[in-house]
Amino acid sequence: MKVSVQILLILAVASFWACHRKSENASSGYSYYQWAEYLRFKNKTDSAYLMYSRAVNSSTDSLEKGDAYNFIGATQRSTGDLYGALVSLTAGLSALDETNNQHRATISFIYNELGNTCLDLKRYDQAINYYDSAIKIATTTPFRLEMMNGKATALQKEGNYTEAILLYDSILRLSPADSALTARGVSNRARTQWLQHS
């Protein structure tokens with residue numbers, strides 16, 4: 001008799017806790033992805049990372065999953081987890097559809113981030129291939145110029161100075177509206193030319 005009362009008490013407490021917990025989640029009305037976006041906006045990267053991780057496991061929207069994987073991969077790269085970044089970014093690509101115009105911007109961002117990650121890993125040929133894929137699918141010129149800069153940097157690191165300089169020149173001829181990108185292009189071109197002649 002005493003054991004059954006204890007079991008009943010435990011079950012009652014567990015049921016109360018489960019109902020209370022469920023109502024907390026349901027009352028917010030926001031998905032993990034929406035929470036992640038909010039936390040990202042508030043510069044709470046660690047909490048956003050957690051919510052994006054939950055979003056990739058619970059979201060049925062493939063674009064949300066791709067965006068979430070992109071953020072996770074970029075965060076992993078920025079913290080030095082380059083191999084983890086490759087895994088997350090590749091998972092993001094598998095969640096997306098290149099023929100869907102709504103997915104194209106995210107796909108180009110992911111390819112660019114894969115290029116940046118391979119550049120950090122000194123895998124210059126792979127970086128160039130990812131930048132080429134990003135440039136091909138990019139939806140806006142300003143971002144395409146950013147990707148071209150990444151590719152030129154990979155060419156420079158690979159020792160292909162002539163092609164890198166030509167690419168930097170083509171970026172500068174397009175007069176980027178972003179003054180920081182223009183300054184980076186001028187600086188990178190000058191460094192590449194110096195490396196070529198040293």
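The preceding data block contains the structure.
Residues numbered from 1 in each chain as written. Predicted model: local features only at pLDDT ≥ 70, side-chain atom pairs only at ≥ 80, totals over all residues. Heavy atoms only, no water.

Colleague: Honestly, the overall build of the protein chain in this entry has me stumped. Any pointers?
Modeller: Each helix and strand in the protein chain was counted, giving 10 helices and zero strands. Each helix and strand of the protein chain, placed in order from N terminus to C terminus, yields the pattern α-α-α-α-α-α-α-α-α-α. A total of 198 residues make up the protein chain; the buried ones form 37% of that total. Counting only contacts in the protein chain whose residues sit at least 6 apart along the sequence, the fraction spanning at least 24 positions is 47%. For the protein chain, the accessible surface area stands at approximately 11,800 Å², while carbon and sulfur atoms represent 55% of it. (Helix = DSSP H or I, 4+ residues; strand = E, 2+ residues; numbered from the N terminus. Buried < 20%, exposed > 50% of the residue type's maximum accessible area, 1.4 Å probe, protein only. Contact = heavy atoms within 4.5 Å. Areas by Shrake-Rupley, 256 points an atom, 1.4 Å probe, with all protein chains shown as cover.)

Colleague: Is there a simple way to explain helix α4 (residues 62-78) in this structure?
Modeller: Residues separated by three or four positions in an α-helix point in the same direction, a consequence of the helix having 3.6 residues per turn. In this model α4 runs 24 Å from its N-terminal to its C-terminal C-alpha over 17 residues, within 8% of the 24 Å that 1.5 Å per residue would give. Three or more residues of α4 are buried, namely G66, D67, A68, Y69, N70, F71, I72, G73, T75 and Q76. Structurally, α4 contributes buried residues whose contacts are with α2 (32-41), α3 (45-58), α5 (82-95) and α6 (104-120). Capping the start of α4 is the job of one residue whose side-chain oxygen sits 2.8 Å from the backbone nitrogen of L63: D61. Count one or two residues on from α4 and you reach G80, which has phi positive near 95°. (Expected span 1.5 Å × (residues − 1). Polar contact = N/O pair within 3.5 Å; in protein donor to acceptor, adjacent residues only side chain to side chain.)

Colleague: Which parts of the structure should I look at to understand the packing of aromatic side chains?
Modeller: Ring pairs (aromatic) are described by centroid distance and by the angle formed between their planes. In the structure shown here, the tally under the stated rule is six aromatic pairs. With 5.7 Å between their ring centres and 75° between their planes, Y30 and W35 make a pair best called edge-to-face. With relative accessibility at 53%, the residue Y30 sits in the exposed group. Summarising the aromatic geometry, the rings of W35 and Y38 are spaced 5.9 Å apart at their centres and angled 80° between planes, so their arrangement reads as edge-to-face. Taken as a pair, W35 and Y38 lie in helix α2 at a separation of three residues, close to a single helical turn. Three or more aromatic residues link up through ring pairs in this structure, and these residues are Y30, W35 and Y38. (Phe/Tyr/Trp six-rings, centres within 6.5 Å; stacked < 30°, edge-to-face > 60°.)

Colleague: Sorry, what's going on with the nonpolar core here?
Modeller: If you look at soluble globular proteins, the nonpolar side chains tend to sit buried side by side. Counting residues in each nonpolar core, the largest one holds 31 residues, and the members touching the most others are Y111, L114, L119, A127, M148 and A154. Among the elements of the structure, α5, α6, α7 (124-137), α8 (141-158) and α9 (161-173) are those that each provide at least two residues to this core. With residues up to four places along the chain from it excluded, the contact list for L119 reads Y124, A127, Y131, T153, A154 and K157. (Core = buried A, V, L, I, M, F, W, Y, C linked by side-chain atoms within 4.5 Å.)

Colleague: Looking at this structure, how should I read the side chain of S88?
Modeller: Tracing the backbone through its elements, the reader meets S88 in helix α5. In this structure S88 touches Y69, I72, G73 and Q76, once residues within four positions along its chain are discounted.

Colleague: What is the right way to look at α7 in this model?
Modeller: Helix length check: α7 (14 residues) gives 20 Å between terminal C-alpha atoms against 20 Å at 1.5 Å per residue, within 8%. For α7, the set of buried residues is Y124, A127, I128, Y131, A134, I135 and I137. The inward-facing, buried residues of α7 contact α6 and α8.

Colleague: In this structure, what is going on with a nonpolar patch on the surface? I would like to understand it.
Modeller: Residues Y30, W35 and Y38 make up a contiguous nonpolar surface patch of roughly 340 Å² in combined accessible area. Tracing the sequence through the fold places Y30 in the loop between α1 (2-28) and α2. (Patch = residues over 30% accessible without salt bridge, like charges linked within 9 Å, V, L, I, M, F, W, Y side chains within 5 Å. Salt bridge = Lys/Arg side-chain N within 4 Å of Asp/Glu carboxyl O.)

Colleague: Looking at this structure, I do not really get the packing of α6 against α7. What am I missing?
Modeller: Between α6 and α7, the shortest axis-to-axis distance is 8 Å and the interhelical angle comes to 165°. The orientation of α6 with respect to α7, classified from their angle, is roughly antiparallel. Note on packing geometry: the crossing formed by α6 with α7 is left-handed. Where α6 approaches α7, its residues R104, I107, S108, Y111, N112, L114, G115, N116, C118 and L119 are matched on the opposing element by Y124, Q126, A127, Y130, Y131, S133, A134, K136 and I137. Here the contact of α6 with α7 is composed, by residue class, of 11 nonpolar, six polar and two charged. (Axes fitted to C-alpha atoms, helices over the stretch in contact; angles between N-to-C directions. Parallel < 35°, antiparallel > 145°, perpendicular 65-115°, else oblique. Left-handed = near helix turned anticlockwise from the far one by under 90°. Nonpolar A, V, L, I, M, F, W, Y, C, P; charged D, E, K, R; others polar.)

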